[in-house]
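Structural overview
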Amino acid sequence: MRGERHVVCRASELAPGERRIVRLGGRSIGVFNVGGSFYALHNGCPHKGGALCEGPICGTTVDASFGYGRDGEIVRCAWHGWEFDIATGVAIADPAVRARTYPVVVEDGQVMVVVPGTTRARGVRR
Amino acid sequence: MIDCDVHNSWHSAEVLLPYLPPAFREYLQRGELPGPRGSFPHAHRPWLHPEGFMRYDAVPASGAAAGSEYELLREQVLDRYDVDYAILTGDEAIEASTLANPYYANALTSAYNDWLVQEWLPADPRLKGSLVVAPQDPHGAAAEIRRMGDHDDIVQVLMSSGSQRPYGDPFFHPIWEAAAELDLPIAVHLGGQGGLNANPIGCGPTTFFWETHALLCETGMAHLASTIAHGVFERWPNARLILVECGVAWVPPILWRLDEDYRALRKETPWLRRLPSEYAHEHIRMTTQPLEQPRSPEALWPALDDIGARDMLMFASDYPHWDFEDPRFLRLPESWREPVLDGNARDVYGLPARDRVSEGAGR
Ligand code: FES
């Protein structure tokens, strides 16, 4: 994978259902653990630039009888509440809209996000 | 840049207690409330937002209500966007318009105005205030405008768009008269849909929040038509109506319809001397948020240009509400940027030009 790897934390420090907002290579990025898999989304919403990764992590209605599902797989943007699939960045209501995703690698127990065209960042913040 | 709709909130409506007359203080302390202790007395609308009403990242670290702490409001609005002025529009205070008891409603809005002037406006020279009044008590509202309207940092009168009847109706003329006397525009902000104000939607209540939210501009249409038709702008030549959060794209077609019908039936309103669209261009302003989003962004502008909206539109963010608009994501034709982001609001509110601000405010 092209780009710089940035260590975010130890995998054991980010439990399923949790997230961290970090600054990597000058970008604000949300790193999520969904059921043991790690994902990273750009914390700038494709709708209007809002804090996409800082809203509720939740599920949603999945059928016409108000069946609820996908719990923990969706993040709602903190601004206008659009729902995004954490794994793919796809907007649930309009799949043509996608949040930017970054590859995540877990090696030797470390969660690393691959950010293109950057030098290794310091000062990771929660 | 001027942001015409920034909501200063409270963590508990009990902040109003010291400003309420004793008779009404008891209502707030021991009386029935629409929610837990500290909630603001009002009748709620029949549609509830399924995700709450606030931007999640606008909740202060203390856990207090979004918009209730000046420091975070400064960081997320004033400093982030280099705002010269933010027009504070309160939060729940305009909902007093839903209460049947006009005396209680008037006491609550007066208490809010005192709290605003004492606790918010001194915090920052960039903050300007809106005097909230209870429209169901037009004489009380007029008295409130005369009591507080000459405060240096008060720039407009504010009422909810939900109302018992359209605001041009002679029932409300005492409010227009007092505002004209103090040379203050009257802003009408989306809200107050419930209780006494039973008809915010034509045909009666819709069902879902998003469905309804898209239609609430209907109240703006009625206030626009009514203030023009009843001759508010003939009777008080300095009167101005500012539609806040009532939508924008509907304005040209409604004005076109009003012009056409007025031409045919002018005799019903003999006090008018100009076309409705001419009164609107001179006396009515609309704030941008939520600016409609056509499939091709440029589709918005030709109709607006036809009514001269470049002189009528004023930027608003609606911070910290869920439908907040970031000025950096606002797509405006280049020649509209200065008037919409700054000049129009400066004119209507009589605010000093930018360089004088930075000198005066010493920042
Ligand atoms: S900015 Fe994210 S939903 Fe609007």
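These remarks concern the structure in this document. (Residues numbered from 1 in each chain as written. Chains lettered and ligands numbered in written order. Predicted model: local features only at pLDDT ≥ 70, side-chain atom pairs only at ≥ 80, totals over all residues. Heavy atoms only, no water.)

**Description of the interface of chain B and chain A**
Here is the rule we go by: The contact criterion used throughout is that any non-hydrogen atoms of two residues lie within 4.5 Å. As used here, buried area is the combined drop in accessible area, with a 1.4 Å probe, of two parts when they are placed together. Salt-bridge detection follows one rule: a side-chain nitrogen of Lys or Arg within 4 Å of a carboxyl oxygen of Asp or Glu.
Between chain B and chain A, the contact holds 13 residues from the first and 11 residues from the second. In total, chain B and chain A occlude about 1,000 Å² of area from one another, counting both sides; carbon and sulfur atoms represent 57% of this. The largest contributions to the chain B side of the interface with chain A come from Y56, D57 and F329 of chain B, which together make up 42% of the buried area. For the interface between chain B and chain A, the tally reads 2 salt bridges. Linking E325 of chain B and K48 of chain A is a salt bridge whose minimum nitrogen-to-oxygen distance equals 2.3 Å.

**Structural notes on the nonpolar core**
In plain terms, the rule: Definition used in this section: a nonpolar core is a set of buried Ala, Val, Leu, Ile, Met, Phe, Trp, Tyr and Cys residues joined via side-chain atoms within 4.5 Å. Three labels apply to residues, based on accessible area from a 1.4 Å probe with only protein chains included: buried if under 20% of the type maximum, exposed if over 50%, partly exposed otherwise in between. By definition, any uninterrupted DSSP run of H or I lasting at least four residues is a helix, any uninterrupted run of E lasting at least two residues is a strand, and each is numbered from the N terminus.
Membership of the largest hydrophobic core comes to 130 residues, with the highest contact counts inside it found for L52 of chain A together with L16, L127, L224, L243 and Y349 of chain B. At 10 residues, the largest contribution of residues to this core is made by helix α3 (residues 102–120) of chain B. Discounting residues that sit within four places of it in the chain, L127 of chain B has contacts with Y70, L73, L78, A86, L88, W120, L121 and D153 of chain B. If you look at the next biggest cluster of nonpolar residues, it comprises 13 residues, including L14, L24, V111 and V115 of chain A.

**Remarks on helix α7 (residues 217–229) of chain B**
Every α-helical turn comprises 3.6 residues, leaving residues that sit three or four positions apart pointing alike. Residue and element names in this part refer to chain B. The cut-off we apply is this: Helix span, as expected, comes to 1.5 Å for every residue beyond the first.
In a regular helix each residue adds 1.5 Å, so 13 residues correspond to 18 Å; α7 covers 19 Å between its end C-alpha atoms and thus fits that length. Looking only at α7, the buried set comprises C217, T219, G220, H223, L224, S226, T227 and I228. Two residues or fewer past α7, G231 is found with a positive phi of approximately 75 degrees.

**Quick notes on the packing of helix α9 (residues 251–265) of chain B against helix α10 (residues 276–283) of chain B**
Residues and elements named next belong to chain B. Defined as follows: Axis lines are fitted to C-alpha atoms, over the contacting stretch for helices. Their N-to-C directions set the angle, which ranges from 0 to 180 degrees. Note on angle classes: values under 35 degrees are labelled roughly parallel, values over 145 roughly antiparallel, values of 65 to 115 roughly perpendicular, and the remainder oblique. Under this grouping Gly is polar, as are all residues other than the nonpolar Ala, Val, Leu, Ile, Met, Phe, Trp, Tyr, Cys and Pro and the charged Asp, Glu, Lys and Arg.
Running from N to C, α9 and α10 point in directions that differ by 135 degrees, and their axes come no closer than 8 Å. Accordingly, the angle class assigned to the pair α9 and α10 is oblique. Counted together, L255, L258, D259 and Y262 of α9 and P276, S277 and A280 of α10 form the full contact between these two elements. Of the residues belonging to the contact of α9 with α10, the class tally is 5 nonpolar, 1 polar and 1 charged.

**Quick look at the pattern of salt bridges**
Residues and elements named next belong to chain B. Summed over the entire model, instances satisfying the criterion amount to 26 salt bridges over all chains. Between R147 and D114 there is a salt bridge; the shortest N-O distance is 3.2 Å. Highlighted residues: R147 in helix α4 (residues 138–148) and D114 in helix α3, separated in sequence by 33 residues. The network of salt bridges with shared partners includes R74, D79, D124 and R126.

**Considering the sheet that holds strand β8 (residues 101–102) of chain A**
As a reminder, the rule being used: Between any two strands, pairing holds if DSSP finds at least two bridges.
Read from one edge of the open sheet, 4 strands run β2-β3-β4-β8 (chain A), paired in antiparallel fashion. Looking at the sheet topology across the chains shown, the edges are occupied by β2 (19–24) and β8 of chain A.

**Observations concerning α9 of chain B**
Residue and element names in this part refer to chain B. Worth spelling out the cut-off: What the arc measures is the spread of directions leading from the helix axis to the C-beta atoms.
Look at α9: 21 Å from first C-alpha to last across 15 residues, which is about the 21 Å you get at 1.5 Å a residue. All of the buried residues along α9 are V251, P252, I254, L255, D259 and Y262. Viewed along the axis of α9, the buried residues span an arc of 160 degrees, placing them on a single side of the element. In α9, the exposed residues that point more than 90 degrees away from the buried face are R257 and A264.

**Notes on the side chain of H49 of chain B**
Residue and element names in this part refer to chain B. Rules: In the analysis that follows, any N or O atom pair within 3.5 Å is treated as a polar contact, provided that within protein one partner can donate a hydrogen and the other can accept it, and provided that, for residues neighboring in sequence, both atoms belong to side chains.
You can see H49 is positioned in the loop between α1 (22–30) and α2 (70–79). With a relative accessible area of 16%, H49 lands in the buried category. A distance of 3.0 Å separates the side chain of H49 from the backbone nitrogen of E51, its partner in a polar contact. From its side chain, H49 meets the backbone oxygen of G52 in a polar contact 2.7 Å long. Excluding residues that lie within four positions of it along the chain, H49 makes contacts with F209 and W322.

**Section: the pairing of strand β2 (residues 85–88) of chain B**
Residues and elements named next belong to chain B. Of the two faces of β2, the one holding Y85 and I87 and the one holding A86 and L88 are both buried throughout. Sheet topology note: the strand β1 (residues 2–6)/β2 ladder contains 3 bridges and is parallel. Each bridged residue has a counterpart across the sheet, and for I2 the counterpart in β2 is Y85. As judged from the 3 bridges shared by β2 and strand β3 (residues 127–132), these two strands associate in the parallel manner. When the bridges of β3 are listed, L88 appears paired with G129.

**Quick look at the packing of aromatic side chains**
Each aromatic ring pair is specified by the distance between its two centres and by the angle formed by the two planes. To keep it simple, the criterion reads: Classification of ring pairs rests on two measures: the distance between centres of Phe, Tyr or Trp rings, Trp counted by its six-membered ring, which must be within 6.5 Å, and the angle between planes, read as stacked under 30 degrees, edge-to-face over 60 and tilted in between.
Here the structure, examined in full by the defined rule, presents 17 aromatic pairs over all chains. The interplanar angle of 75 degrees and the centroid separation of 4.6 Å between the aromatic rings of W79 of chain A and F324 of chain B together place this pair among those described as edge-to-face. Of this pair, W79 of chain A sits in the loop between β6 (68–76) and β7 (83–85) while F324 of chain B sits in the loop between β8 (313–314) and α12 (337–349), placing the two residues on different chains. Residues W79 of chain A and F324 of chain B agree in their burial class; the two are buried. With a centroid separation of 4.8 Å and an interplanar angle of 75 degrees, the aromatic rings of Y167 of chain B and F172 of chain B are classed as edge-to-face.

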